[in-house]
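# Descriptive analysis of the structure
Here are the chains, one letter per residue:
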Number of protein chains: 2
Amino acid sequence: MALELVSSSKCFEGEQRIYSHNSTVLGCEMKFSVFVPPCMLEEKKECPVLYYLSGLTCTHENFIHKSGMQQHAAKEGILIVNPDTSPRNVNIPGEDDAYDFGSGAGFYVNATQEPWSKNYLMYSYVTEELVELVNKNFAVLPNKKGIFGHSMGGHGALICALKNPGQYQSVSAFAPICNPIECPWGQKALKGYLGDDKEQWKQYDATHLAQNYAGTPLELFIDQGSDDNFLKQKQLLPDNLLTACAGNDHLQAIYKQREGYDHSYYYIATFVGEHIAYHAKFLKN
Amino acid sequence: MALELVSSSKCFEGEQRIYSHNSTVLGCEMKFSVFVPPCMLEEKKECPVLYYLSGLTCTHENFIHKSGMQQHAAKEGILIVNPDTSPRNVNIPGEDDAYDFGSGAGFYVNATQEPWSKNYLMYSYVTEELVELVNKNFAVLPNKKGIFGHSMGGHGALICALKNPGQYQSVSAFAPICNPIECPWGQKALKGYLGDDKEQWKQYDATHLAQNYAGTPLELFIDQGSDDNFLKQKQLLPDNLLTACAGNDHLQAIYKQREGYDHSYYYIATFVGEHIAYHAKFLKN
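From a predicted model like this one, the values you see are computed outputs, not experimental measurements.

What follows covers helix α5 (residues 152–163) of chain B. Residue and element names in this part refer to chain B. For α5, which comprises 12 residues, the first-to-last C-alpha distance of 16 Å matches the rise-based estimate of 16 Å (1.5 Å per residue) to within 8%. Among the 12 residues of α5, 11 are classified as buried, and the element is accordingly described as predominantly covered. When α5 is considered as a whole, its buried residues turn out to be Met152, Gly153, Gly154, His155, Gly156, Ala157, Leu158, Ile159, Cys160, Ala161 and Leu162.

Here is the structure:
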């Protein structure tokens, strides 16, 4: 599990780095981004870690270029890890053909259908291999770990937290897909990666998982712009998740609707500081 | 001079917009970005305007995606305008072949050499046509106008201010090319756009202009990362400009060197708030 440093740039007194490594789980070379806060550089201090999962079409770079998150992570003293959204260059015919399936669209599930099942195991990658890699290579507090994301990655963050009670101390999502079983993006991805049996899809559906969650009490911070075209197109369906949470005493949903904001990184940039401060409440106590 | 709105996204309670228009000066369709601060939207208030000129290879989008400037412009109530770095698609053979000449590399000069002289008139575009367009279409205070930029665009900002005493109330530059006559990037561009006669180059060289500046007193805020590869490669040469300013009573240079920072947008994002606050001192008094 050797890490290779691809680049490092000083940013808000911390360092925005990109690493590559050969992923055992995914069977390919993967890149991921790490923002190292100044306190970890200067004081060799152990820090909480916050994972960010990106949306469709993104790589490990969109968030670090466009969100402006570094200033907030620097202030709070949190390491931010942002993996890629799928395996890359694994030579599956058609892997790069669609924006919403295959490369750039791993959906943070473990595929069971050929030919995807050999490499497209993003759920295990982000919850296991990447976490082990980060724990081994950075001075992070292993029990102070949060997760957030955007759109497909917002859903990824929700399912990682809901499927692993107690493992993530905080979770939030910008404009997440909330009920993929019921939306076109989710149906295409879950059918392609998991096959025709819809029972199998439920294990990766945040709304279904919320209905059945019985773990340690968990708060879900859901953020949504009111002018988000994908909300209007019923790709996101936050109401279904909120209803599920309302019916489950183990879960508490905080829902913030942002008047006039769309699905873009301009929206994320506006509220990423609020999210990082939210995670800090849980990760720094 | 009709403007077409290409896109608009809410951002920090303001709006990040992209416009296109047919440029009379450049003879092609041009895009530019405008961040409209919330005070202009909500209170219909007249605002100062700050122009940002980008560096080599950039379009009108790099700065608005990567700098995180919107939060600072929103706070200060300043309209930010970011043009493209060259004419586009003007069918000059080879226009897209090099990263440091032709498209993406207009250098903010008025070319005199065929075939560039018909379209590559970026100096007139940014100091005249774009300013008229902005003044006509936005509620900006015409006498509260600042300019800044990065690298090639930092040089562009400096020459716009130095060649037009009193027209810009403030100027700053991130890692600017300071003396293009003496560096490889500048020599290639100035020779290509202006021909072999080096006397002609001087009218677009910030250091030469600073040596001979005799206008209203002007302060130049020069920002530079100490780990900037292009500084080490002697493309930027800030010392030459600082020496010129030191010898001219009409000019005052403020030079800030940032320890460990490189030439990237991570560096710009770290200090853009300081720059916008600097401009606000001049533009809001």
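Attention now goes to the sheet that holds strand β1 (residues 4–11) of chain A. Two pairing modes exist for strands in a sheet, parallel and antiparallel, and in both the strands are linked by backbone hydrogen bonds. Spatial strand order, β1-β2-β3-β5-β4-β6-β7-β8-β9 (chain A): nine strands in an open sheet with mixed pairing. The sheet is open, and its two borders are formed by β1 and β9 (251–258) of chain A, each paired with just one other strand. Going across the sheet, the axis of each strand differs from the next one's by a mean of 20°, ignoring polarity. Here strand β2 (residues 14–23) of chain A runs beside strand β3 (residues 28–36) of chain A; their pairing, made up of nine bridges, is antiparallel. Opposite A:Glu15, over in β3(A), you have A:Val36 as the bridge partner. Sitting on the sheet, helix α5 (residues 152–163) of chain A is in contact with β4 (47–53), β6 (140–150), β7 (170–174), β8 (218–225) and β9 of chain A, with an inclination near 140° to β6(A). Against the sheet, helix α11 (residues 265–283) of chain B contacts β1 and β2 of chain A, and its axis sits at roughly 25° relative to β1(A).

Turning to the interface of chain A and chain B, a few remarks are in order. Between chain A and chain B, the residue contacts involve 21 residues of the former and 21 residues of the latter. Between chain A and chain B, the buried area comes to about 1,800 Å², and carbon and sulfur atoms account for 51% of it. Along the contact surface separating chain A from chain B lie 10 residue pairs in polar contact (both at pLDDT 80 or more). Elements with a contribution of two residues or more to the side of chain A that touches chain B: β1, α2 (62–66), α3 (70–76) and α11 (265–283) of chain A. Its residues assigned to classes, the side of chain A that touches chain B comprises seven nonpolar, nine polar and five charged.

Moving on: the environment of B:Ala214. Inspection of the secondary structure puts B:Ala214 in the loop between α8 (206–212) and β8 (218–225). The exposure class assigned to B:Ala214 is exposed, which follows from its relative accessible area of 62%.

Residue and element names in this part refer to chain A. The sites that carry the UniProt feature "active site" (unreviewed entry) are, in the present numbering, Ser151, Asp228 and His263. A stretch of 113 residues holds the annotated residues, and the largest C-alpha distance among them is 10.8 Å, short enough that they meet in one place. Counting through the fold element by element, Asp228 comes out in the loop between β8 and α9 (229–232). Residues in contact with Asp228, not counting those within four places in the same chain, are Ala175, Leu236, Tyr261, Asp262 and His263. In terms of polar contacts, Asp228 uses its side chain to reach the backbone amide nitrogen of Phe230, at 2.8 Å. As for its position among the elements, His263 is in the loop between β9 and α11.

Turning to the relation of the copies chain A and chain B, a few remarks are in order. For the pair chain A and chain B, the superposition axis carries a translation of 0.0 Å, the fit reaches an RMSD of 0.0 Å, and the rotation angle comes to 180°. In short, the pair behaves as if placed about a two-fold rotation axis. Both copies present the same face, since 100% of the interface residues in chain A are matched by interface residues at the equivalent positions in chain B.

Now for helix α6 (residues 184–194) of chain A. All names here are of chain A. By the burial criterion, the buried members of α6 are Trp185, Gly186, Ala189, Leu190, Tyr193 and Leu194. In a view along the axis of α6, the buried residues occupy a sector of 110°, so they form one face of it. Positioned one or two residues after α6, Gly195 has a phi angle of 95°, which is positive.

This part takes up the pattern of salt bridges. With the rule as written, the count across this model stands at 20 salt bridges over all chains. Its salt-bridge partner being A:Lys256, residue A:Glu274 comes within 3.1 Å of it at the nearest N-O pair. In this pair, A:Glu274 is assigned in helix α11 and A:Lys256 in strand β9, connecting sequence segments 18 residues apart. Its salt-bridge partner being B:Asp196, residue B:Lys191 comes within 2.7 Å of it at the nearest N-O pair. Since its relative accessible area comes to 46%, B:Lys191 is described here as partly exposed. Among the charged side chains, a network of salt bridges with common partners joins A:Asp223, A:Lys256, A:Arg258 and A:Glu274.

Definitions and limits used
Residues numbered from 1 in each chain as written. Chains lettered and ligands numbered in written order. Predicted model: local features only at pLDDT ≥ 70, side-chain atom pairs only at ≥ 80, totals over all residues. Heavy atoms only, no water. Helix = DSSP H or I, 4+ residues; strand = E, 2+ residues; numbered from the N terminus. Expected span 1.5 Å × (residues − 1). Buried < 20%, exposed > 50% of the residue type's maximum accessible area, 1.4 Å probe, protein only. Pairing = 2+ DSSP bridges. Axes fitted to C-alpha atoms, helices over the stretch in contact; angles between N-to-C directions. Contact = heavy atoms within 4.5 Å. Buried area = accessible area lost by both parts, 1.4 Å probe. Polar contact = N/O pair within 3.5 Å; in protein donor to acceptor, adjacent residues only side chain to side chain. Nonpolar A, V, L, I, M, F, W, Y, C, P; charged D, E, K, R; others polar. UniProt positions renumbered as here; feature names shortened; annotations may be inferred. Least-squares fit on C-alpha atoms with pLDDT ≥ 70 in both. Arc of directions from axis to C-beta. Salt bridge = Lys/Arg side-chain N within 4 Å of Asp/Glu carboxyl O.

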